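Topology and contacts: notes
Below, each chain spelled out in residue letters.
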Amino acid sequence: AVCFTTHPAKMEGVTPNYWAGSGLLPRAAQVKNLAIAIYNVKKIPALYVPVRHFFTHAWLPKDKFDEVIEKDGWIFARRQEGYLALRSRNPYTWRRAQPAGDRPVDRRDPLGWPRVEDVEREVIAHGGQNVWLCQVGRRAEDGDFSRFVAAICAARLEFDGLEVRYQAPGLGEVRFGWQGPLRLDGAEVPLHEYPRYDNPFVQAAFAADQVHIAAGDHRLALDWDNS
């Protein structure tokens, strides 16, 4: 029960391809339980993987979640007591089963490809420019699923081109765009100069020569210069 977005590099073949890797990466940021991915897909000079597809998509397998609800432009999913809310700035569509009979493949249209394994698991949003938001929650902090859904649907959400302003429930007002800083309630959130790992098991800076991990009586030391 996972969810992520990409810009497909190509429909098939070695990586980067439809799901593995990306054609062009987004500008992405995360504040606690909210992630924002901003795509600005344009044609650029390329030798091996030219940009041919002007859409982005999300992997959100309905069959892996216990409940999926669509409301007010959001897609909500629940797995046990964990919640997820996904939003695309651009209109979206689910991949549906292809109609019976032979149908020529339209290499310009992702919905024209007979990707049976992605039916009801892929969310497609046309357009090279798009903003995706994903906020997660859980019963212990957000109450039951219906309350989580209602809170997010009631929250103020504004798009202005490739900029977004979102009053994220339980978090505050988040502002982010293709350019400029990430802000939470007006204060800038650093996008650089933070630890590479910072959790109960390991703390390490970016480009650390050594990484030491500890969990109970277990230890793991990674020494990049002497490995």
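Residues numbered from 1 in each chain as written. Predicted model: local features only at pLDDT ≥ 70, side-chain atom pairs only at ≥ 80, totals over all residues. Heavy atoms only, no water.

**Points about the packing of aromatic side chains**
The test is simple: By convention, a stacked pair of Phe, Tyr or Trp rings (six-membered ring in the case of Trp) has centres within 6.5 Å and planes under 30 degrees apart, an edge-to-face pair has planes over 60 apart, and any other such pair is tilted. Buried residues are those whose accessible area, probed at 1.4 Å on protein chains only, stays under 20% of the maximum for their type, while exposed residues exceed 50% and partly exposed ones sit between those limits. Segments assigned H or I by DSSP are reported as helices when at least four residues long, segments assigned E as strands when at least two residues long, and all are numbered from the N terminus. Here, over-ring charges are defined by two tests on the NZ atom of lysine or the CZ atom of arginine: distance to the ring centre within 6 Å, and angle to the ring normal within 35 degrees.
As enumerated under the stated definition, the model contains eleven aromatic pairs in all. Residues W74 and F76 carry aromatic rings whose centres are separated by 6.1 Å and whose planes lie at 25° to one another, so their mutual orientation is stacked. This pair shows no difference in class: W74 is buried, exactly as F76 is. Ring geometry for Y83 and F145: centres 5.2 Å apart, planes at 45°, overall tilted. Here F145 lies in helix α2 (residues 145-154) and Y83 lies in strand β7 (residues 82-88), a separation of 62 residues in the sequence. Three or more aromatic residues link up through ring pairs in this structure, and these residues are W74, F76, Y83, F145, F148 and Y166. One Lys or Arg, K62, reaches over the ring of W94 and ends 4.3 Å from the middle of that ring. Here the guanidinium or amino end of R196 rests over the ring plane of Y197, the centre of that ring lying 4.6 Å away.

**Here we look at the pattern of salt bridges**
Where side chains of opposite charge bring their charged atoms close, a pairing between them can arise. Stated formally: Here, a salt bridge means any Lys or Arg side-chain nitrogen found within 4 Å of an Asp or Glu carboxyl oxygen.
For the structure on display, the rule yields 16 salt bridges. A salt bridge links E122 to R95; the shortest N-O distance between them is 2.5 Å. Taken together, the residues E122 in strand β9 (residues 122-126) and R95 in the loop between β8 (92-94) and β9 connect sequence positions 27 residues apart. Side by side, E122 and R95 carry an identical accessibility label, which is buried. A network of salt bridges, in which partner residues are shared, links R156, E158, R165, E173 and R175.

**Focus: unusual backbone geometry**
With an omega of -5°, the peptide bond running from T15 to P16 counts as cis. The backbone of D72 sits at a positive phi, close to 55°, despite the residue not being glycine. Within the secondary structure layout, D72 lies in the loop between β5 (67-71) and β6 (74-79). Given the relative accessible area of 52%, D72 is considered exposed. For A207, which is not a glycine, the phi torsion comes out positive at approximately 60°. Along the polypeptide, A207 turns up in the loop between β17 (203-204) and β18 (210-215). The class for A207 is exposed, based on a relative accessible area of 76%.

**Description of α2**
It helps to recall that an α-helix has 3.6 residues per turn; residues three or four apart then point in one direction. Selection rule: Each direction from the helix axis to a C-beta atom contributes to the arc, which is the arc of those directions. In what follows, residue pairs with any heavy atoms lying within 4.5 Å of each other are defined as contacts.
Restricting attention to buried positions, one finds in α2 the residues F145, F148, V149, I152 and C153. Buried residues of α2, seen end-on, are gathered within an arc of 125° and therefore sit on one face of the element. Turned more than 90 degrees away from the buried face of α2 sit S146, R147 and A154, all of them exposed. On its buried side, α2 packs onto β5, β6, β7, β10 (129-138), α1 (139-142) and β12 (163-168).

**With respect to the pairing of β10**
In plain terms, the rule: Any two strands between which DSSP finds at least two bridges are classified as paired.
Along β10, seven of the ten residues are buried, which leaves the element largely enclosed by surrounding structure. In this structure, strand β3 (residues 34-40) lies alongside β10, joined through seven bridges in antiparallel fashion. By the bridge assignment, Y39 is partnered in β10 with N130.

**Digging into the pairing of β5**
Where β5 lies against β6, five bridges are found, and the strand directions are antiparallel. Following the sheet pairing, K71 is matched in β6 by W74. Counting the residues in the hairpin turn of β5 and β6 gives two residues, including D72, whose phi is positive at 55°.

**A few points about the sheet that holds strand β4 (residues 55-59)**
Let me state the cut-off plainly: Think of each axis as a best-fit line through the C-alpha atoms, taken over the contacting stretch in the case of a helix, with angles from 0 to 180 degrees between the N-to-C directions.
Taken in spatial order, the four strands of this open sheet run β1-β4-β9-β8, and their pairing is antiparallel. One side of each edge strand has no neighbouring strand; the edge strands of this open sheet are β1 (4-6) and β8. Taken over all neighbouring pairs, the strand axes of this sheet differ in orientation by 25° on average, direction set aside. Sheet topology note: the β4/β9 ladder contains five bridges and is antiparallel. Of the residues in β9, the one forming a bridge with F55 is H126.

**Observations concerning the environment of D223**
To be explicit about the condition: Two N or O atoms count as a polar contact when they lie within 3.5 Å, although within protein this holds only if one can serve as hydrogen donor and the other as acceptor, and sequence-adjacent residues are included solely when both atoms are side-chain atoms.
Along the chain, the position of D223 falls in strand β19 (residues 218-223). Look at D223 and you get partly exposed, because its relative accessible area is 23%. In sequence terms D223 and G112 are 111 residues apart; their C-alpha atoms lie 49 Å from each other. Residues within four places of D223 in sequence aside, it is in contact with D209 and Q210. A polar contact of 3.3 Å, which involves the side chain of D223, links it to the backbone nitrogen of D225. Reaching out from D223, the side chain makes a polar contact with the side chain of N226 at a distance of 3.0 Å.

As far as function goes, none of this settles anything; it's purely spatial.
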